[in-house]
Amino acid sequence: MLDVMLPYLGERFGNPSSVHSWGQEAEAAVEGSREGIAELMGCSPTELIFTSGGSESDNLALRGAAWRGREERNANHILTTPVEHEAVLHTAEELAKVHGFELELLPVDAAGRVSVEALQERMRPDTAIVSIIYANNEIGTINPIRELGQACRASGVPFHTDAVQAASQLPIDVDELNVDLMSIGAHKFYGPKGVGCLFVREGISLDPTQTGGGQEAGRRAGTENVPNIVGMCEALRITMEQLHENNTHFRSLRDALVRGITLAIEGVRQTGSAQVRLPNHASFVIPGVDGNELVAALDLAGYACSSGSACKTGAPEPSRVLTGIGLEPSLALGSLRVSVGRPTKRDEIEGLLEILPAIVERLRSTMQVRLE
Ligand SMILES: *Cc1c(COP(=O)(O)O)cnc(C)c1O
């Protein structure tokens, strides 16, 4: 990936909007990448908007569709779920608070899945946009996007999915998925950070959220990040080319990890669905443990894991996603998320399984002392 990016960080420094030949060279790189990504997503190049990443794509989808829906159809209702990434949920909350939209959250089951029936019951003629996450970043759960999209289409409501986490491992053909808007971000599939794109189906109109020059057909102002865009296209090409092979590798390691942790740690529970989940993703709650302390201890031992809780000035808050699927806040604080990647090896999984029980035991006893 780096090799295709480097020329655009060096001698090919043109601005794609410039008329001279250096500019045209940069424009050709951007448009070539747009065609490459469009082919991988099964859409037309004109249906893609380059952005600064997953968060911006989510923002543009929600704000752009909500504002346009209000202008065109007097639509003021936004439907999303309690298990979205903050880029969707905080945007929807802001649209409600500052712009007066009515925000409604769809119910999810214990694995964080939305049902078609629940969606159909709540869609209304004045629904401006429905946004449902494709694969969850915290609990790995995959939503039935194709069926949910079909229901939205039948009701004539624009349907957005946040596929930022999904794009590294799941099919992203926008027609197969029945989506009108779809966000991806390059760094979740080994691409550069700070670049993403938003698919916007032809016929779906959006208000821009960033105004200025006429780039991206007037839908997103600002000079394109040429090297990052070229890198994103290459990273997505490699991802789709190796999808099956990588997923098999991920699944085998992930399943060994889940089996090992379930056997070794008393009281541990897998979060999300055991089956309908991202192949590389394992997530748990471990009673009696503070997830942030656990992640810090694992980091010292050389393992980069995460927890769902955000530690703000010493008072950790449970993850909204975990409380959203009905977990007790105290249990949600003991969350652990482990993902495997292309370079992960079996002996690294075994190494983690070897040290984890003692770490959990130590953290449990210090937590016990604190409570007494
Ligand atoms: C990472 C992530 C985002 C945010 O993407 P950035 O490129 O980091 O802005 C949004 N949604 C999901 C599901 C993610 O995993």
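This text follows the structure it describes.
Residues numbered from 1 in each chain as written. Predicted model: local features only at pLDDT ≥ 70, side-chain atom pairs only at ≥ 80, totals over all residues. Heavy atoms only, no water.

Chemist: Looking at this structure, I do not really get the pattern of salt bridges. What am I missing?
Modeler: For side chains of opposite charge, pairing can occur when their charged atoms come near one another. Following the criterion strictly, the structure yields 20 salt bridges and no others. Of the charged contacts in the structure, one is a salt bridge between Glu121 and Arg122, with a shortest N-O distance of 3.5 Å. The salt bridge involving Arg237 is made with Glu241; its shortest N-O contact spans 2.9 Å. You can see Arg237 and its partner Glu241 sitting in helix H8 (residues 226–241), four residues apart, about one turn around the helix. The network of salt bridges with shared partners includes Arg68, Glu71, Glu72 and Asp207. (Salt bridge = Lys/Arg side-chain N within 4 Å of Asp/Glu carboxyl O. Helix = DSSP H or I, 4+ residues; strand = E, 2+ residues; numbered from the N terminus.)

Chemist: Which parts of the structure should I look at to understand the site of the ligand?
Modeler: What surrounds the ligand is the set Gly53, Gly54, Ser55, Asp58, His85, Ile133, Asn137, Asp162, Val164, Gln165, His187 and Lys188. In the model, an oxygen atom of the ligand is placed 2.7 Å from a nitrogen or oxygen of the Ser55 side chain. With respect to the ligand, the side chain of Gln165 contributes an N or O atom lying 2.7 Å from an oxygen atom. For the shell around the ligand, a count of residues per class yields two nonpolar, seven polar and three charged. (Near = heavy atom within 4 Å. Polar contact = N/O pair within 3.5 Å; in protein donor to acceptor, adjacent residues only side chain to side chain. Nonpolar A, V, L, I, M, F, W, Y, C, P; charged D, E, K, R; others polar.)

Chemist: What should I look at first to understand a nonpolar patch on the surface in this one?
Modeler: Taken together, the side chains of Leu2, Leu6 and Leu9 present a nonpolar region at the surface, about 310 Å² in accessible area. Here Leu2 is to be found in helix H1 (residues 2–9). For Leu2, a relative accessible area of 52% puts it in the exposed group. (Patch = residues over 30% accessible without salt bridge, like charges linked within 9 Å, V, L, I, M, F, W, Y side chains within 5 Å. Areas by Shrake-Rupley, 256 points an atom, 1.4 Å probe, with all protein chains shown as cover. Buried < 20%, exposed > 50% of the residue type's maximum accessible area, 1.4 Å probe, protein only.)

Chemist: How do you make sense of the sheet that holds strand S1 (residues 48–51) when you look at a structure like this?
Modeler: Hydrogen bonds along the backbone pair up the strands of a sheet, which may run parallel or antiparallel. A sheet is described by the order of its strands in space; here seven strands give the open sequence S1-S7-S6-S5-S4-S2-S3, paired in mixed fashion. Where the open sheet ends on each side, the last strands, each with one partner, are S1 and strand S3 (102–105). Between one strand axis and the next, the sheet turns by 20 degrees as a mean value, whatever way the strands run. Sheet analysis places strand S5 (residues 159–162) next to strand S6 (residues 181–185), joined by three bridges and oriented parallel. Bridged to Asp162 within S6 is Ser183. Each of strand S4 (127–131) and S5 is contacted by helix H6 (residues 145–155), which is oriented at about 160 degrees to S5, the strand it contacts most. (Pairing = 2+ DSSP bridges. Axes fitted to C-alpha atoms, helices over the stretch in contact; angles between N-to-C directions. Contact = heavy atoms within 4.5 Å.)

Chemist: Can you walk me through a negative patch on the surface in this structure?
Modeler: Together, Asp347, Glu348, Glu350 and Glu354 make up a negatively charged patch on the protein surface. Position of Glu354 among the secondary structure elements: in helix H13 (residues 346–371). Given a relative accessible area of 67%, Glu354 falls into the exposed group. (Lys, Arg positive; Asp, Glu negative; His and termini not counted. Charge placed at Lys NZ, Arg CZ, Asp CG, Glu CD.)

Chemist: Even after reading the chapter, I still don't get the nonpolar core, so can you show me in this structure?
Modeler: Generally speaking, a soluble globular protein has its nonpolar side chains buried in company with each other. Ile37, Met41, Leu119, Val130, Ile132 and Met182 are the most contacted members of the largest nonpolar core, which has 63 residues in total. The element that contributes the greatest number of residues to this core is H8, accounting for eight residues. Counting 27 residues, the second largest nonpolar core, distinct from the first, contains Phe250, Leu294, Leu352 and Val360. (Core = buried A, V, L, I, M, F, W, Y, C linked by side-chain atoms within 4.5 Å.)

Chemist: Help me understand the pairing of S5, please; the structure alone is not making it clear to me.
Modeler: It is a general feature of regular strands that their side chains alternate between the two faces of the sheet. Side-chain alternation along S5 places Phe159 and Thr161 on one buried face and His160 and Asp162 on a second face that is also buried. Pairing geometry for S4 and S5, over two bridges, is parallel. Residue Ser131 lies in a different strand from S5, and its bridge partner there is His160. Following the backbone out of S4, through H6 and into the adjacent parallel S5, one traces a crossover that is right-handed. (Right-handed = clockwise from strand over helix to strand, strands pointing away.)

Chemist: What should I look at first to understand the packing of aromatic side chains in this one?
Modeler: The relation between two aromatic rings is expressed through the spacing of the ring centres and the mutual angle of the planes. Applying the stated criterion to the full structure yields zero aromatic pairs. Here Arg70 stacks its cationic end above the ring of Phe101, 3.9 Å away from the centre of that ring. (Phe/Tyr/Trp six-rings, centres within 6.5 Å; stacked < 30°, edge-to-face > 60°. Lys NZ or Arg CZ within 6 Å of the ring centre and 35° of its normal.)

Chemist: Help me understand the environment of Ile359, please; the structure alone is not making it clear to me.
Modeler: If you trace the backbone, Ile359 turns up in helix H13. By relative accessible area, Ile359 is classed as buried at 10%. Along the backbone, Ile359 and Ala301 are 58 residues apart, and their C-alpha atoms lie at a distance of 10.0 Å. Look past the residues within four positions of Ile359 in its chain and what remains in contact with it is Leu294, Ala297 and Leu298.

Chemist: What is the right way to read the state of the cysteines from this model?
Modeler: Here is the idea: a disulfide is a covalent bond, and it sits between the sulfur atoms of two cysteines. In this structure the tally under the stated criterion is zero disulfides. Of all cysteine sulfurs in the structure, the one in Cys197 sits closest to Cys43, which takes part in no disulfide; the separation is 7.7 Å. (Disulfide = S-S within 2.5 Å.)

Chemist: What exactly am I supposed to notice about unusual backbone geometry here?
Modeler: Excluding glycine, residues mostly carry a negative phi; peptide bonds, for their part, are mostly trans. At Asn178, a position not held by glycine, the phi torsion is positive, near 60 degrees. By secondary structure assignment, the location of Asn178 is in the loop between helix H7 (174–177) and S6. For Asn178, a relative accessible area of 12% translates into the label buried. Phi is positive for Ala217, which is not a glycine, with a value near 55 degrees. Along the chain, Ala217 falls in the loop between strand S7 (196–200) and H8. A relative accessible area of 67% places Ala217 in the exposed class.

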